[in-house]
Amino acid sequence: MNLNSFLLMRHELILIAVVLLYLASEIIGGGKNKRFSLNFAVVLFLAVTIIGFLPISTGTMFGGMYQTSPAIILMKNILNAGAFIVFLQVVSWLKKEENDNRIMEFFILIVSTLIGMNYMISAGDFLMFYLGLELATIPMAALAAYQVYNLKSAEAGIKLLLLAALSSGIMLFGISMLYGASESLYFTDLIRTMEMNSMTVLALVFIFSGLAFKISIVPFHFWTADVYEGAPMSVTSYMSVISKASAAFVLMSLLFTVFAQLKEIWTPILYITSVLTMTLGNLFAIRQRNIKRFMAFSSIAQAGFIFLGIISGTQMGMSTVIYFLAIYIFSNLAVFGVAGAIYNQTGKELIDDYAGLYKTNPALTLVMTFGLFSLAGIPPIAGFFGKFFLFTAAMESGFLWLTVIAVLNTIISLYYYLLIVKAMYITPNESPIAFFRSDFYMKMGLILATIGILVIGFIGGIHHYIYNLSFGIL
Amino acid sequence: MTMDFQYTILIPILLFFSFVYNILWGRTRSPKIAGLISTTTILIAAVLSYYTAYQYFFNVGLVNGSYEKIIAFKMVWLHFSDTLVVDMGILLDPISIMMLVVVTTISSMVHIYSFGYMHGDDGFARFYAFLSLFSFSMLGLVVSSNIFQMYIFWELVGVSSFLLIGYYYQKPSAVAAAKKAFIVTRFADLGFLVGILLISYVTGSLDFAVLTDPNGPVMLQGASLGFMGLSVMTWALILIFIGGAGKSAMFPFHIWLPDAMEGPTPVSALIHAATMVVAGVYLVARLFPLFHIAAPNAQYVVLAVGGFTSLFAAVIAITQIDIKRVLAFSTLSQLGYMMAALGASGYGAEEGIGYTASMWHLFTHAMFKALLFLGAGSIIHAVHSNNMTDMGGLRKYMPITHITFLIGTLAIAGIPPFAGFFSKDEILVALHQSSHFWYWVEVITAGLTAFYMFRLYFNVFWGENRHYHHKPHESSLSMTFPLMFLAFMAIVSGGFFMFDFGAFISSNLVPYDIHIHWDIAGLSIFVALIGISLAAMLYLKPSGISTKMATALGPVYKATYNKFYFDEIYLFVTHKIIFNLIARPSAWFDRHVVDGFMNMLAWITNFVSGSIKGLQSGQLQHYAMSFVSGAVALALFFLYFMTR
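Just so it is clear, the model here is predicted, and its values are computed rather than measured. (Residues numbered from 1 in each chain as written. Chains lettered and ligands numbered in written order. Predicted model: local features only at pLDDT ≥ 70, side-chain atom pairs only at ≥ 80, totals over all residues.)

Asks: Hey, could you run me through the interface of chain A and chain B in this one?
Replies: It is common to report an interface's size as the accessible area lost on association of the parts. Listed by partner, the interface residues are 46 residues for chain A and 41 residues for chain B. Elements represented by at least two residues in the side of chain A that touches chain B include exactly α6 (151-182), α8 (198-215), α9 (223-230), α11 (263-286), α16 (382-396), α17 (400-425) and α19 (461-469) of chain A. Of the residues belonging to the side of chain A that touches chain B, the class tally is 34 nonpolar, eight polar and four charged. (Contact = placed C-beta atoms within 7 Å. Helix = DSSP H or I, 4+ residues; strand = E, 2+ residues; numbered from the N terminus. Nonpolar A, V, L, I, M, F, W, Y, C, P; charged D, E, K, R; others polar.)

Asks: So what exactly am I meant to see when it comes to the nonpolar core here?
Replies: Soluble globular proteins tend to pack their nonpolar side chains together in the buried interior. Core analysis: the largest hydrophobic core is formed by 409 residues, its most contacted members being A144, L325 and A334 of chain A together with L237, V284, A370 and A490 of chain B. Sorting elements by how many residues they give to this core places helix α13 (residues 315-346) of chain A first, with 21 residues. (Core = buried A, V, L, I, M, F, W, Y, C linked by C-beta atoms within 7 Å. Buried ≥ 20, exposed ≤ 12 C-beta atoms within 10 Å, placed from the backbone.)

Asks: Any chance you could explain the packing of helix α11 (residues 279-286) of chain B against helix α14 (residues 323-344) of chain B here in plain terms?
Replies: For any two helices packed against each other, one specifies the inter-axial angle together with the distance between the axes. Residues and elements named next belong to chain B. Where α11 meets α14, the closest approach of the two axes is 10 Å, and the angle between their N-to-C directions is 10 degrees. The pairing of α11 with α14 is recorded here as roughly parallel in orientation. Here V281, V284 and A285 of α11 come into contact with α14, specifically with L335, M338, M339 and L342. Its residues assigned to classes, the contact of α11 with α14 comprises seven nonpolar, no polar and no charged. (Axes fitted to C-alpha atoms, helices over the stretch in contact; angles between N-to-C directions. Parallel < 35°, antiparallel > 145°, perpendicular 65-115°, else oblique.)

Asks: Honestly, α8 of chain A in this entry has me stumped. Any pointers?
Replies: For an α-helix, 3.6 residues make a turn, and residues three or four places apart therefore share a direction. All names here are of chain A. Helix length check: α8, at 18 residues, gives a terminal C-alpha distance of 25 Å against a target of 26 Å (1.5 Å per residue), a fit within 8%. Burial analysis of α8 places 16 of its 18 residues in the buried class, the great majority of the element. Positive backbone phi, approximately 60 degrees, marks S216, located one or two places after α8. (Expected span 1.5 Å × (residues − 1).)

Asks: Mind showing me how you'd approach unusual backbone geometry here?
Replies: Note: most residues except glycine have negative phi, and most peptide bonds are trans. All names here are of chain A. Along the chain, V218 connects to P219 via a cis peptide bond; the corresponding omega equals 5 degrees. Mapped onto the secondary structure, P219 falls in the loop between α8 and α9. With a phi close to 60 degrees, S216 is a non-glycine residue in the positive phi region. Mapped onto the elements of the fold, S216 is located in the loop between α8 and α9.

Asks: Please explain helix α18 (residues 436-461) of chain B as it appears in this structure.
Replies: With 26 residues, α18 of chain B should reach 38 Å at 1.5 Å per residue; the first-to-last C-alpha distance of 37 Å fits that figure. In terms of burial, α18 of chain B is largely enclosed, as 20 of its 26 residues are buried.

Asks: Got a minute to help me understand the confidence of the model for chain A in this structure?
Replies: Atomic detail in the predicted coordinates should be set aside for any region of low pLDDT. Here chain A averages 87 in pLDDT, and 98% of its residues register 70 or above. Model confidence for chain A, summarised as mean pLDDT per element, is weakest for α19 of chain A at 79 and strongest for helix α4 (residues 103-122) of chain A at 93. (pLDDT = per-residue confidence, 0-100.)

Asks: Is there a simple way to think about the environment of L402 of chain A in this case?
Replies: Residues and elements named next belong to chain A. When you line up the elements, L402 lands in helix α17. The spatial distance from the C-alpha of L402 to the C-alpha of A83 is 33 Å, given a sequence separation of 319 residues. Sequence-distant contacts of L402, defined by excluding residues within four places in its chain, comprise Y271, S274, L308 and A394.

Below, the structure written as structure tokens:
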């Protein structure tokens, strides 16, 4: 192994360098110059995101512990882009006095989780996978508790940490069973020796539970609403898109590779949990008054839809999952961006507060509407194509009833997404949120999210591009 | 050959630009400019459409005795998988060209009319922006070359309809109506979407050219696989028809249309009378060979739903007082005619008379119904009320509105030589060939139509003079010109084309001649005259005018009038029996049961959502408990499942 082959890990290495640079700037500057810290963090990460898209070779390292493929690299880039938009949207919040002296802390923690996710996605071995997973989780708990002076935020951090520990425990239990069954943790060995017996089935169920926890699949979803509500808006936004998308991607590649032999088992598991997740997520969402809790349940419901693509077990299904995740990231970021802008300005985060927003802040309202319509799957906005492809994939594999249930669920979801739209445009309000201007970064963040939504939907070639890539993990 | 029509891409694109301009900069310029831009673009689109129609029908369309389907423009848009690719394209064939003409004509008239009607309104630029958006989406819909593209435009049309119904967003009833329309049609559209999924699953194609090829493999696919006794193709088409029924407001999805009258009246004329609501009919016509050959059961559903809706809506129309609502229910009824005609039609030249008749009725109906709505708008503009009870004797004040409205009324009642007579006659011929039951239903409906339309006409223009706050006056030229133009069309689009419409449109694209069947036509004229005489007796107040009308209507009126006891019976039948026993209950059923069912669905969802709220307690122990039990339950279940 020569030095060159380390370049396969370019994404991770760059992120590690970024963490060190952030740390160094904090030590040298002492965090005195707020403006410089923020600009430095955002601009550096923009460079990282762009470099990520430069061509890179694929292969394996460390005897198969680490692997990359075109699909994995695409996923990493999507995660980077999403994180970059989060960065843009977080600036106006970090500028506040309450966050003085802790600005870099935020960026360092976020990039650390991103490193964890990158390793998790690229893992070729359960040990690597587990390390990545933990690296992605523990800083996340610290982020959730970022507003230590706020009781709810602290509670969110503790809840996430404890439940994540529980889920890791169960998952480790599953991994140890796999090791017991085949005496190896390398994916390549496991694929070769995997056969169906009680031990592997238990291992599958436990590993699935651990990942389902991260994706917020019913009945492993309970932490979601509380943590989302307690954590700062930007952290919630980050968790709901980047964390979830990476976990969903990993779950899909594990099921397609390591557990391919157990398809008969995981198909019904996905079926049941998908139906439960879509339906319960939707039913809970209707009642929510707080935008963060609302988005928590909306993100649960969306997770149920992702399973439609995985369950189909086809190349079309897989590429659609990646496609859907990308759309989901942009749509959620549009909604959270607007919610964050409003929260930073006024401290309001109830849906009722949004009444009459259209009259005072039409541009924000429009971005929010695009995001919500995309999540609801209203054509011709991107979310519709994502859902439509998922439905087609599930249907082509013969899951007629699952598709019908999913379609019915989109009706329910349409109802509650429209509730917000209705509040913004129609509900009369004596004292709507006054007009305000967002800073440059926030504007860019919202514009990028909106462009993402529109472009992914209208440019048909994107799905085809992903379709051709995703051969890699089959 | 196809190169000739590439410019047709401009027709929708121009309107899209007009929308973008008006929505972005319309507010900052004078409102007149916004209106002028929208109106100019739609007029250009209309001219291009007429030119296309001329070129197609008279120069290049006819090849070897049958009309060609021309793909004027095409690009790959979505790539599902290696086998399923969706294009974005423009398909020109007789019906899409006819729709181009209808949409651009009516839309142009509405654009001109709105200059007067919306004058001084705050959202003038916004209004014209939405009109452009609607016209763009509707034109995109009619030229779609595949069903998926059509679905996208279908939804866009729904969105613009939503925006226009809710145009007076300060008014809670308008907002509620917009929401209702959007949700009911969305609900139906999901049927459409599942239908598309099924079709793509069964046939592997979404192209209209492939799907409607009568000799293609598609006709046999999906015939064997069954669910509940019907083939998959039948289910797919029924689901697609549900989408069409939602947009065309067929029973039981009709509930949104009467409420949609909350929008500005020109919008009602354009969207909820002439163009958008016929999209469902157009959809069925587009897929007609598939319906007829591959799924006759689905075609029968179309016939039954259409036939029932036409009668049901006509009965309800009798009891309405709001003039726009009368017109809304009459639209439902006429759409029912078009659907029923498609449902009854055969495939071929002469056998396909129902297909031709349906499209013909779509054409004439667009003209006379837009005329009636715009006339109603002119009346409302003058009287400032929607209620018939606030009107009367208006013929003296508004001569142009009066004459044009009368022409529209005669056309819809099916009196020759006005347009509605010819198209309705052909529909009745088609029904006569296929099903006697539905034939008689539609004959009765024809009588009811004449009755309620003349009830409206007499109440508004004749009857006693009201005391108006200020004297009503005739509307300005920008409003009366469209009325006159459409009145002209309502006269000539029937008789003028009488022997020609079959030469343009037929189910198998082969031109043929249409003849008037005087036996059937005679009966329908007779029934219509009975309806008119009844309306005259009941609503033309005895103020010396009735005698004039009596002579005008001739022997029919006299015969009825002289037999005085008949009058009593009619009064009894109409007021006591039809009103109380049929029309009121149907209106009640409509309001409480059909609406109520939709409300109940919403209520159940809310209730379930409320009752499970307690699960989310905030207690960490509970969460951990549920996590572990979830994992254990899955493990136990699958271990059991595996060892079984």
